[in-house]
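Results of the structural survey
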Amino acid sequence: MGEGQANSGCGGAVLGFFEYDTLKTVHITNHKVGLLYRLLQLFIIGYIVGYAILWDKGYQKTDSAVSSIFSKVKGVGITCNDLSLKYWELEECANRSAIQVWDVADYVVPSQESNAFFIITNSLETKNQTQRPQGWAEDPLARTSGSDRTYICESDADCTPHRFSASRNGAVSGTCNTDIKRCDVYGWGPVELSKDDDLTQELGYARQMPMVENFTVFIKNNILFPEFKEKFGNTGLGNNSAEYLKSCLWDPEDNKFCPVFRIGSILNEAGFTNFTDDGMKAGAVVTIGIHYDCNLDQNTTVCEPEYTFTRIDTKSDPLSKGYNFRFAKYSVEQNPTRDLYKVYGLRFIFVISGTAGKFDFVPLLVTFGSGLGLLGLATLCADLIVTNCLKKHRFYFGKKYEIITKEEEETFVVIDEDTPLINPTQQHLD
């Protein structure tokens, strides 16, 4: 190859870089196809403008909320320490001097939680427990298998191999209590009895508190959107006078801005049908959702919260349904004692979320540009219909796609590179 030919080849390659190639365009004058194509375009443009930009606020820059919350429960509960009576027999309980009054410091345990609070609705108390060297009799009706098992015995020889093993209420002492045929345990006693626990789940048990339904909880919530430096809260909305806030109760229709909620109203919204059966005996877990959707293009002073209430435990759960736990109150004397409580109740968990949006050119351009890319779908759909679904689809397919066979390629002869192979003409296909 000569030097001139080499330079000519390199120059052609350079010049070819600045040339432009376009796809073959076939103009179809079928009005049905044209109408379908325009309708697809209108649909996509409607989606871009109507949904992506206006409805979904694709023109706004957004930020998520940082929140804080605290709650105060108010109400007085009354139970009876005489377990032979029912919780509704308070007059007779008072005559027997067995009344016990519960205030907020008694039934909200612990007194402060992070994003949650708990109210006792039912309890089992085992009083004056101590520890002693000889141990205590185990629960005679407890299970003999599983993680909280007890050990059956006829003599001390049956207990010795299990000494110091975990039993339901302590550690096996190695001594057999032949009266109940269970190995004694080291630990706090007298032990909590399963038969007493079973009584707590019978409606009417003296330490159940149906009045919890009428307790109230004040909820104060504040949120911050760091990106926009805007703060909002659930107080001070609507009528924010002190007199109103001290007397109002939240209602989804008439008092939706009141920050004081009746427990019964929360449970009703969460789907409880009967508090004494659904929640009082075994307890339950309920979420209180507080969501803020703030459009800062419309209002930068007020953003209204939306409340939702959902029960998240399964009331038909066969194993430890509801919500319960144990805690103890200790008395430090020469011989330390404690009162053990197994409590059932309502655990409320706050779930707070919030988004704020404000106009910004960057998200608008991104949303609009992404939407324009969808217009290519109109062409794709129209091509698929024309070349596959119409009655003359084979005809249109042949006009749109030019298929070059191997035989045609092998018999092709270049006459003159400067002579165009095809003179561009406008093709009209009816």
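Reference entry: report on the structure contained in this document. Quick caveat: nothing in here was measured; it's all calculated off a predicted structure.

Considering the pattern of salt bridges
Considering all chains together, one arrives at 14 salt bridges under this definition. Asp197 is paired through a salt bridge with Lys342; the nearest N and O atoms lie 2.6 Å apart. Residue Asp197 is located in helix α6 (residues 194-200), and its partner Lys342 is located in strand β17 (residues 337-359); the two are separated by 145 residues in the primary sequence. The exposure class of Lys342 is buried, given its relative accessible area of 9%. Asp313 is paired through a salt bridge with Arg311; the nearest N and O atoms lie 2.8 Å apart. By relative accessible area, which is 15% here, Asp313 ends up buried. Taken together, the salt bridges that share partners define one network made up of Glu125, Lys127, Arg207 and Asp339.

What about the state of the cysteines?
Throughout the structure, instances matching the rule amount to 5 disulfides. Shown here is the disulfide that connects Cys80 with Cys93, its sulfur atoms set 2.1 Å apart. When the S-S torsion is 105 degrees, as for the bridge of Cys80 with Cys93, the disulfide is right-handed. In this pair, Cys80 is assigned in strand β4 (residues 77-80) and Cys93 in helix α3 (residues 90-95), connecting sequence segments 13 residues apart. Each of the two residues, Cys80 as well as Cys93, counts as buried.

Some details on helix α2 (residues 31-55)
Residues spaced three or four apart along an α-helix point in a common direction, a consequence of the helix completing one turn every 3.6 residues. Largest kink in α2: about 25 degrees, centred on Tyr47. Listed in full, the buried residues belonging to α2 are Val33, Gln41, Ile44, Ile48, Ala52 and Ile53. Positioned one or two residues after α2, Lys57 has a phi angle of 50 degrees, which is positive.

Looking at the environment of Asp106
Note that Asp106 resides in helix α4 (residues 104-107). Taking the C-alpha atoms as reference points, Asp106 and Ile119, separated by 13 residues in sequence, lie 9.2 Å from one another. In this structure Asp106 touches Val101, Ile120 and Lys329, once residues within four positions along its chain are discounted.

A look at unusual backbone geometry
Note the cis peptide between Val109 and Pro110, where omega equals -10 degrees. Position of Pro110 relative to the elements: it lies in the loop between α4 and β6 (116-131). That bond from Gly189 to Pro190 is cis: its omega, 0 degrees, falls within 30 degrees of zero. Topologically, Pro190 is positioned in the loop between β10 (188-189) and α6. Phi at Lys57 is positive, roughly 50 degrees, even though this residue is not glycine. Within the element layout of this structure, Lys57 appears in the loop between α2 and β2 (60-64). Its identity is not glycine, yet Ser97 carries a phi of approximately 55 degrees, on the positive side. Relative to the elements of secondary structure, Ser97 occurs in the loop between α3 and β5 (99-102). Using a relative accessible area of 69% as the deciding quantity, one classes Ser97 as exposed.

As for the pairing of β6
For β6, the buried fraction is high: 12 of the 16 residues fall into the buried class. Bridge count between β6 and β17: 11 bridges; the pairing is antiparallel. By the bridge assignment, Ala116 is partnered in β17 with Ile349. The pairing of β6 with β10 spans 2 bridges and is classified as antiparallel. Within the sheet, the bridge partner assigned to Thr130 lies in β10 and is Gly189.

Brief notes about helix α10 (residues 361-373)
For α10, built from 13 residues, the straight-helix expectation of 18 Å at 1.5 Å per residue is met to within 8% by its first-to-last C-alpha distance of 18 Å. For α10, the set of buried residues is Pro363, Thr367 and Gly371. Projected onto a plane normal to the axis of α10, the buried residues spread over an arc of 65 degrees and lie on a single side. Turned more than 90 degrees away from the buried face of α10, the exposed residues are Phe361, Val362, Leu365, Val366 and Gly373. Capping the start of α10 is the job of one residue whose side-chain oxygen sits 2.9 Å from the backbone nitrogen of Val362: Asp360.

Topic: the packing of aromatic side chains
Think of a pair of aromatic rings as described by two things: how far the centres are apart, and how the planes are tilted against each other in angle. Under the defined criterion, the tally for this structure stands at 21 aromatic pairs. Taken together, a centroid distance of 4.8 Å and an interplanar angle of 20 degrees make the contact between Phe117 and Phe348 stacked. Residue Phe117 is found in strand β6, and its partner Phe348 is found in strand β17; the two are separated by 231 residues along the sequence. Overall, the relative accessible area of 4% leaves Phe117 in the buried class. Judged by relative accessible area, which is 0%, Phe348 ranks as buried. For the ring pair Phe225 and Phe232, a centre distance of 6.2 Å and an interplane angle of 65 degrees mean the geometry is edge-to-face.

Re the packing of helix α11 (residues 376-388) against helix α12 (residues 393-400)
Put simply, α11 and α12 touch, their axes get as near as 6 Å, and they point 120 degrees apart. With respect to each other, α11 and α12 are oriented oblique. Between α11 and α12, the residues in contact are Asp383, Val386, Thr387 and Asn388 and His393, Tyr396, Phe397 and Lys400, respectively. Tallied by class, residues from the contact of α11 with α12 come to 3 nonpolar, 3 polar and 2 charged.

Cut-off values and rules
- Residues numbered from 1 in each chain as written.
- Predicted model: local features only at pLDDT ≥ 70, side-chain atom pairs only at ≥ 80, totals over all residues.
- Heavy atoms only, no water.
- Salt bridge = Lys/Arg side-chain N within 4 Å of Asp/Glu carboxyl O.
- Helix = DSSP H or I, 4+ residues; strand = E, 2+ residues; numbered from the N terminus.
- Buried < 20%, exposed > 50% of the residue type's maximum accessible area, 1.4 Å probe, protein only.
- Disulfide = S-S within 2.5 Å.
- Bend = angle between axes of the 7 residues up to and from the residue.
- Contact = heavy atoms within 4.5 Å.
- Pairing = 2+ DSSP bridges.
- Expected span 1.5 Å × (residues − 1).
- Arc of directions from axis to C-beta.
- Polar contact = N/O pair within 3.5 Å; in protein donor to acceptor, adjacent residues only side chain to side chain.
- Phe/Tyr/Trp six-rings, centres within 6.5 Å; stacked < 30°, edge-to-face > 60°.
- Axes fitted to C-alpha atoms, helices over the stretch in contact; angles between N-to-C directions.
- Parallel < 35°, antiparallel > 145°, perpendicular 65-115°, else oblique.
- Nonpolar A, V, L, I, M, F, W, Y, C, P; charged D, E, K, R; others polar.

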